[in-house]
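Topology and contacts: notes
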Amino acid sequence: MSLPTLAERALSGLACKLDELAGGITRVRLSSRTTRLNHMQVALYRVGELLVDTGFARARALSLRALEGQRLAAILLTHHHEDHSGAAAALAARHACPVYLRRPEVRRTEGLDAIKPYRRLWWGEPGEYGPLPMPERIDAGGRALRAVPIPGHSASHTAFLDELSGAVLVGDLYISGGATAVMSHEDPYESIASLRRVADLEPARMLTGHGLSMERPAAALREKAARIEAAAGEILRLHRAGLPEREICRRVFPGGRAKDRFLELLTQGEFSRLNLVRACIRRAP
Ligand SMILES: [Zn+2]
């Protein structure tokens, strides 16, 4: 595979930051000019010989370079979305190691078959990496990660608890603290349970798929679960009172409508708070 030329790098504005975190975890943060426009970066983490997530296809040369000379025994994906799995094929080939993903079959039902143009523009075209089913515990080089299912954002979603440092790597379980815009396939009730499941592990630190690091995150995770639960309760109450979905959305989320509309427009309706309203109604227990 050819590395991007200097001109391509300059045009795409690809950037890579490496930090050594507590507990001997290396964080690699990737961004491009397009992702920075939306204040977005993507993170991958090396825990001993295990790699959690890979970054996006457009930045695969940077992921490869960041891990050059390191021994990788396995790649573990928090979920299959292409911003986290886009360089899995290239890294697995370079390091001759397997890629593990929980419920790999949902890749075809949660949108990878028909990636919308904005996602291709942002993240590039992911390679095919033939994932193996996720084991419950992954051991390599004296380090072990425990796989904890956290469906909601994606049915394939998994958190990894590092038994040595107490850090938990959660992918997109926690992007921000509120009840926010979601993709149309997301299940907010499963997200609530997953947030509480990770909080109950009482992790020392949380590391997210978009580069956030938070010490003692249990309270923040429970707070987010409570906010989604409260929003879902209000959405169902208004739905039973006969209000249409857009009106419910306006009442439950009175602020930030312009930003939400922009996100909805930008993502061709794939990400919105209206999706959260619809999911709360459709998936009500
Ligand atoms: Zn995701």
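Chains are numbered independently. Their residues run from 1 in the order of the written sequence. In keeping with the model being predicted, local features are shown solely for residues with a pLDDT of at least 70 and side-chain atom pairs are shown and tallied solely at 80 or more, while totals for entire chains, interfaces and linings include all residues. The basis for every side-chain value is the complete set of non-hydrogen atoms in the structure, without hydrogens or water.

This paragraph deals with the packing of helix α7 (residues 188–199) against helix α8 (residues 218–240). For helices, the fitted line uses only the C-alpha atoms of the stretch in contact; every axis is such a line through C-alpha atoms, and the angle between N-to-C directions lies from 0 to 180 degrees. Numbering of helices and strands starts at the N terminus; helices are DSSP runs of H or I of at least 4 residues and strands are runs of E of at least 2. It is at 8 Å that the axes of α7 and α8 come closest, and there the two elements cross at 160°. Comparing the axis directions of α7 and α8 gives the class roughly antiparallel. Regarding α7 and α8, the two cross each other, and that crossing is left-handed. Residues P188, Y189, I192, L195, R196, V198 and A199 of α7 lie in contact with α8, whose contacting residues are A218, L221, R222, K224, A225, A226, I228, E229, A232 and L236. Residues were grouped as follows: Ala, Val, Leu, Ile, Met, Phe, Trp, Tyr, Cys and Pro as nonpolar; Asp, Glu, Lys and Arg as charged; and all remaining residues, including Gly, as polar. The class makeup of the residues in the contact of α7 with α8 is 13 nonpolar, no polar and four charged. Relative orientations are named as follows: roughly parallel for angles under 35 degrees, roughly antiparallel for angles over 145 degrees, roughly perpendicular for angles from 65 to 115 degrees, and oblique for any other angle. In a left-handed crossing the near helix is turned counterclockwise from the far helix by less than a right angle, and in a right-handed crossing that turn is clockwise. Whether two residues are in contact is decided by their heavy atoms: any pair within 4.5 Å suffices.

We now examine empty space enclosed by the protein. Site definitions follow a grid-based scheme: protein atoms alone, a 1 Å grid, a 1.4 Å probe that fits but cannot get out for cavities, and for pockets an open set with protein on both sides within 12 Å along at least five of seven lines, plus lining residues having an atom within 4 Å of a point. Grid points are joined across faces, edges and corners, and a volume is the space filled by probe spheres set on the points. Tallied over the entire structure, the rule returns one cavity of 30 Å³ or more. The space that makes up the largest cavity amounts to roughly 140 Å³. Lining the largest cavity are R246, C249, R250, F253, R257, D260, R261, E264, R273 and L274. For the lining of the largest cavity, the secondary-structure elements that each account for two or more residues are α9 (245–252), α10 (257–266) and α11 (273–282). Sort the elements by how many residues they give to the lining of the largest cavity and α10 lands first, with four residues. Broken down by class, the residue content of the lining of the largest cavity amounts to three nonpolar, no polar and seven charged.

With water omitted from the atoms examined, metal sites may look incomplete; donors here are N, O and S atoms no farther than 2.8 Å from the metal, or 3.2 Å in the case of Na, K and Ca. Protein coordination of the zinc ion is provided by H79 (NE2), H81 (ND1), H153 (NE2) and D172 (OD), with donor distances spanning 2.1 to 2.3 Å. Geometry is assigned from the angles between donors: four donors with all angles from 85 to 135 degrees make a tetrahedral site, four or six donors whose opposite pairs exceed 155 degrees while the rest stay between 65 and 115 make square planar or octahedral sites respectively, and everything else is labelled irregular. One can describe the donor arrangement at the zinc ion as irregular, given that its four donor atoms subtend angles of 89 to 178° at the metal. All donors of the zinc ion belong to a single chain; written as a sequence motif, their spacing is H-x1-H-x71-H-x18-D. By relative accessible area, H79 is classed as buried at 0%. Relative accessibility thresholds used throughout: buried, under 20% of the residue-type maximum; exposed, over 50%; partly exposed, between the two (1.4 Å probe, protein chains only). Given the relative accessible area of 4%, H81 is considered buried.

To continue, consider the environment of A230. Inspection of the secondary structure puts A230 in helix α8. Look at A230 and you get partly exposed, because its relative accessible area is 49%. Considered as a pair, A230 and R94 are 136 residues apart in the sequence and their alpha carbons are 47 Å apart.

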